[in-house]
Amino acid sequence: MNIVTLTTDYGQDDYYVALLKGAISSRIAEAQYIDISHNIKAYDIVQGAFYLQNVVDKFPAQCIHIASVQSYASYQDAIIVFKLNEQYFIGPNNGLFSLAFPNQNDLQVYQVTVDRSIYPFVEDVYAHAVASICHGLPLSDFGTITDDFIIKIGIQPVKTSSQIRATIIHIDRFGNVIINLKHQTFENIRKGRRFKLYYKSKDPLTHISKHYGAVSIGEVLCFFNSSDYLEIAINMGNAHESLSLRKHETVQIDFYE
């Protein structure tokens, strides 16, 4: 069974997802689809990268990931394919993959080569690439190595010896607020010291919890989630609404003895 995951900005109200699945199924009838999300904000490659990077480690080797966000752009609609950690990735050459997998300096990236008179639409190019992989063809058989892999750099926390200023990068459907700070980075700056995490509330957070239920219902907490990102939440509540926290806003963490 060939697992094909889909991360797109196609939405659920149009026929585009079905069009893509149909194009692939016409070539690989036994494909098993796993929809990561089709509700990526239109053209938002940062959000698409965030979703993709947080799930790929849970998938088996030889899995094929299509990340089709901002599918049509000024790059001559170039669709690229590469292999990383025994998994395959296909999508537009628009910077999404460099955001999802930074610092991959030795990555061999191929541009899918097709006759556009035979494969006129992007879903046909995806289907051709998926079928080629499933039939065991090396990437060089249906692609050419490109040096024009577009690299974009995501927003990083600002760090000093006694402070971190980090950014809210995602708000999930429960209103939990996810911040672009990983646990190891936090501990490297903390060095065992106490801290105060300031957001819009007058009272800073001063303790890292283990999970949502570590505090009483309705109380605010922070912890490092399953993706290792810092998260601000309210047990059985909505931190986004109750605390008026918004995407792209900054939180500040001060360390002291």
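Remember, predicted model here, so these are calculated numbers, not experimental data.

*Asks:* Just to check I follow, could you spell out helix α2 (residues 45-53) for this structure?
*Replies:* An α-helical turn contains 3.6 residues, so a residue and the one three or four places further along point in the same direction. Every buried residue of α2 is accounted for by Ile45, Gln47, Gly48, Ala49, Phe50 and Leu52. Where α2 begins, the capping side chain belongs to Asp44, and its oxygen is found 3.2 Å from the backbone nitrogen of Val46.

*Asks:* How do you make sense of the packing of helix α1 (residues 16-25) against helix α4 (residues 122-134) when you look at a structure like this?
*Replies:* Pairs of packed helices are described in terms of their axes, by the angle between the two and the distance that separates them. Packing of α1 against α4 leaves a shortest axis separation of 8 Å and a crossing angle of 40 degrees. As the angle between them shows, α1 and α4 are arranged oblique. Considering the relative orientation of α1 and α4, their crossing is right-handed. Counting all contacts with α1, which are made through Leu19, Leu20, Ala23 and Ile24, the residues of α4 involved are Glu123, Asp124, Tyr126, Ala127 and Val130. When grouped by side-chain class, the residues that make up the contact of α1 with α4 number seven nonpolar, no polar and two charged.

*Asks:* Just checking my understanding: could you explain the pairing of strand β1 (residues 3-8) for this structure?
*Replies:* Both faces of the sheet carry side chains from a regular strand, because those side chains alternate between them. Burial runs high along β1: six of the six residues are buried. The two faces of β1 match: Ile3, Thr5 and Thr7 on one face and Val4, Leu6 and Thr8 on the other face are all buried. Across five bridges, the pairing between β1 and strand β2 (residues 32-37) is parallel. Paired with Leu6 across the two strands is Asp35, which belongs to β2. Across five bridges, β1 lies against strand β3 (residues 64-68) in parallel orientation. Along β3, the bridge assignment pairs Thr5 with His65.

*Asks:* How do you make sense of the pattern of salt bridges when you look at a structure like this?
*Replies:* Pairing between side chains of opposite charge can happen when their charged atoms approach one another. Following the criterion strictly, the structure yields five salt bridges and no others. Salt-bridge contacts for Glu187 lead to Arg190; the nearest nitrogen and oxygen are separated by 3.6 Å. Note that Glu187 and Arg190 are positioned in helix α6 (residues 183-190) at a spacing of three residues, about one turn of the helix. The closest approach of N and O atoms between Glu249 and Lys200, which form a salt bridge, is 2.9 Å. Here Glu249, found in the loop between α7 (239-242) and β14 (250-256), pairs with Lys200, found in the loop between β11 (194-198) and β12 (220-224); they are 49 residues apart in sequence, far enough to count as distant. Judged by relative accessible area, which is 48%, Lys200 ranks as partly exposed.

Scoring rules and cut-offs
- Residues numbered from 1 in each chain as written.
- Predicted model: local features only at pLDDT ≥ 70, side-chain atom pairs only at ≥ 80, totals over all residues.
- Heavy atoms only, no water.
- Buried < 20%, exposed > 50% of the residue type's maximum accessible area, 1.4 Å probe, protein only.
- Helix = DSSP H or I, 4+ residues; strand = E, 2+ residues; numbered from the N terminus.
- Polar contact = N/O pair within 3.5 Å; in protein donor to acceptor, adjacent residues only side chain to side chain.
- Axes fitted to C-alpha atoms, helices over the stretch in contact; angles between N-to-C directions.
- Parallel < 35°, antiparallel > 145°, perpendicular 65-115°, else oblique.
- Left-handed = near helix turned anticlockwise from the far one by under 90°.
- Contact = heavy atoms within 4.5 Å.
- Nonpolar A, V, L, I, M, F, W, Y, C, P; charged D, E, K, R; others polar.
- Pairing = 2+ DSSP bridges.
- Salt bridge = Lys/Arg side-chain N within 4 Å of Asp/Glu carboxyl O.

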